[in-house]
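# Coordinate analysis (summary)
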Amino acid sequence: VPGGDENEYLYIALVMSEGEVESITDLELDNIPASDGRYDGLVTYNVHLGTDTQTADTLLQEAPGWTSTHRLQGVAYLAIRLKYDQDAWSGLPTITALVRGKKVHDFRNGLTAWSSNPALCLYDYLTNTRYGKGLSVNNIDIPSFTTAANDCDSHTVTPFVGGDPIDIFQCHYVLDTDLTILDNVKEML
């Protein structure tokens, strides 16, 4: 949404994923960190992790038509304001960031937190009512998922002497909601 004097500013609500996610970091514009000096005074952004209780972004409320009711609850996104500068921008930049994924429920301890454990990620997808299958927990074989989650946690490799162990089994899947649930499950597996 353009704003400011003669479209001085471009406001962007860049949705990263369904939330709540652990973090959104390393913002880059055309493969250059947003913190680079060439963007001083030109790039302003706020991070929203996608909680169900998040409030509307104050930066985006500067844009025409964006109000306090535009909360984007449950959606992880970046609120970005770009100031026009012909030397900095040759067009709309490609904007990227590193997203440390969705928080998932660990049925073994009752906590909800980020995890790359494939069994926990699959469990989340199968039980999620927003973008997953929405299965009832009663329809899930929890003992089998517990065994799988424990197996994923217990298999590590040490990359070099003195290094930290790395989990062999990890899930870093970017879910495609255009695919069928079965196809997504196959991809996750």
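Just above, that's the structure.
A brief report on the enclosed structure follows. (Residues numbered from 1 in each chain as written. Predicted model: local features only at pLDDT ≥ 70, side-chain atom pairs only at ≥ 80, totals over all residues. Heavy atoms only, no water.)

When its secondary structure is counted, the protein shows 3 helices and 10 strands. Counting contacts in the protein only where the partners sit at least 6 residues apart, residues at least 24 apart contribute 58% of the total. Accessible surface, the protein as shown: approximately 11,300 Å² in total, 51% of it carbon and sulfur. Here the protein contributes 11 positively and 27 negatively charged side chains, and the mean placements of these two sets differ by 6 Å. (Helix = DSSP H or I, 4+ residues; strand = E, 2+ residues; numbered from the N terminus. Contact = heavy atoms within 4.5 Å. Areas by Shrake-Rupley, 256 points an atom, 1.4 Å probe, with all protein chains shown as cover. Lys, Arg positive; Asp, Glu negative; His and termini not counted. Charge placed at Lys NZ, Arg CZ, Asp CG, Glu CD.)

In this section: unusual backbone geometry. For the bond from Gly19 to Glu20, the omega torsion is 0 degrees, close enough to zero to count as cis. Within the element layout of this structure, Glu20 appears in the loop between β2 (9-18) and β3 (21-29). Backbone geometry at Asp26 places phi at a positive 55 degrees, although glycine is not the residue there. For Asp26, the location among the structural elements is in strand β3. Look at Asp26 and you get exposed, because its relative accessible area is 51%. Of note, Leu72 is a non-glycine position whose phi angle comes to about 50 degrees, a positive value. Looking at the secondary structure, you find Leu72 in the loop between β5 (43-48) and β6 (75-83). (Buried < 20%, exposed > 50% of the residue type's maximum accessible area, 1.4 Å probe, protein only.)

With that out of the way, let us pick up the packing of helix α1 (residues 118-127) against helix α2 (residues 142-154). Look at α1 against α2: their axes get within 7 Å of each other, and the N-to-C directions meet at 145 degrees. Note on element contacts: α2 touches α1 through Ile142, Phe145, Ala148, Ala149 and Cys152, opposite Pro118, Ala119, Leu120, Leu122, Tyr123 and Leu126. Across the contact of α1 with α2, the residue classes break down as 11 nonpolar, no polar and no charged. (Axes fitted to C-alpha atoms, helices over the stretch in contact; angles between N-to-C directions. Nonpolar A, V, L, I, M, F, W, Y, C, P; charged D, E, K, R; others polar.)

What follows covers the sheet that holds strand β7 (residues 95-106). The sheet built from 4 strands is open, its strands ordered β4-β3-β7-β8 with antiparallel pairing. Of all the strands in the sheet, just β4 (32-33) and β8 (111-114) have a single pairing partner and so form its edges. (Pairing = 2+ DSSP bridges.)

Turning our eyes to something else, we now look at the pattern of salt bridges. Counting across every chain of the model gives 9 salt bridges. A salt bridge links Asp52 to Arg130, with the shortest nitrogen-to-oxygen separation between them at 2.5 Å. Taken together, the positions of Asp52 in the loop between β5 and β6 and Arg130 in the loop between α1 and α2 put the pair 78 residues apart, joining distant regions of the chain. Under the relative-accessibility criterion, Arg130 is labelled partly exposed at 49%. Two residues, Arg108 and Asp106, come together in a salt bridge whose shortest N-O distance is 2.9 Å. Exposure remark for Arg108: the relative accessible area of 30% places this residue in the partly exposed category. Put simply, Glu18, Asp52 and Arg130 are held in one network by salt bridges that share partners. (Salt bridge = Lys/Arg side-chain N within 4 Å of Asp/Glu carboxyl O.)

On to the environment of Thr96. By the secondary structure assignment, Thr96 is in strand β7. A relative accessible area of 35% means that Thr96 is categorised as partly exposed. For the pair Thr96 and Val15, spaced 81 residues apart in sequence, the C-alpha separation works out to 11 Å. Filtering out sequence-adjacent residues up to four positions away, Thr96 remains in contact with Asp26, Leu27 and Glu28.

Okay, the packing of aromatic side chains next. Enumeration according to the criterion identifies 6 aromatic pairs in this entry. With a centroid separation of 6.4 Å and an interplanar angle of 85 degrees, the aromatic rings of Phe107 and Phe145 are classed as edge-to-face. Of this pair, Phe107 sits in the loop between β7 and β8 while Phe145 is found in helix α2, placing the two residues 38 residues apart along the sequence. Residue classification places Phe107 among the buried residues on the basis of a relative accessible area of 16%. The interplanar angle of 65 degrees and the centroid separation of 6.1 Å between the aromatic rings of Tyr123 and Phe145 together place this pair among those described as edge-to-face. (Phe/Tyr/Trp six-rings, centres within 6.5 Å; stacked < 30°, edge-to-face > 60°.)

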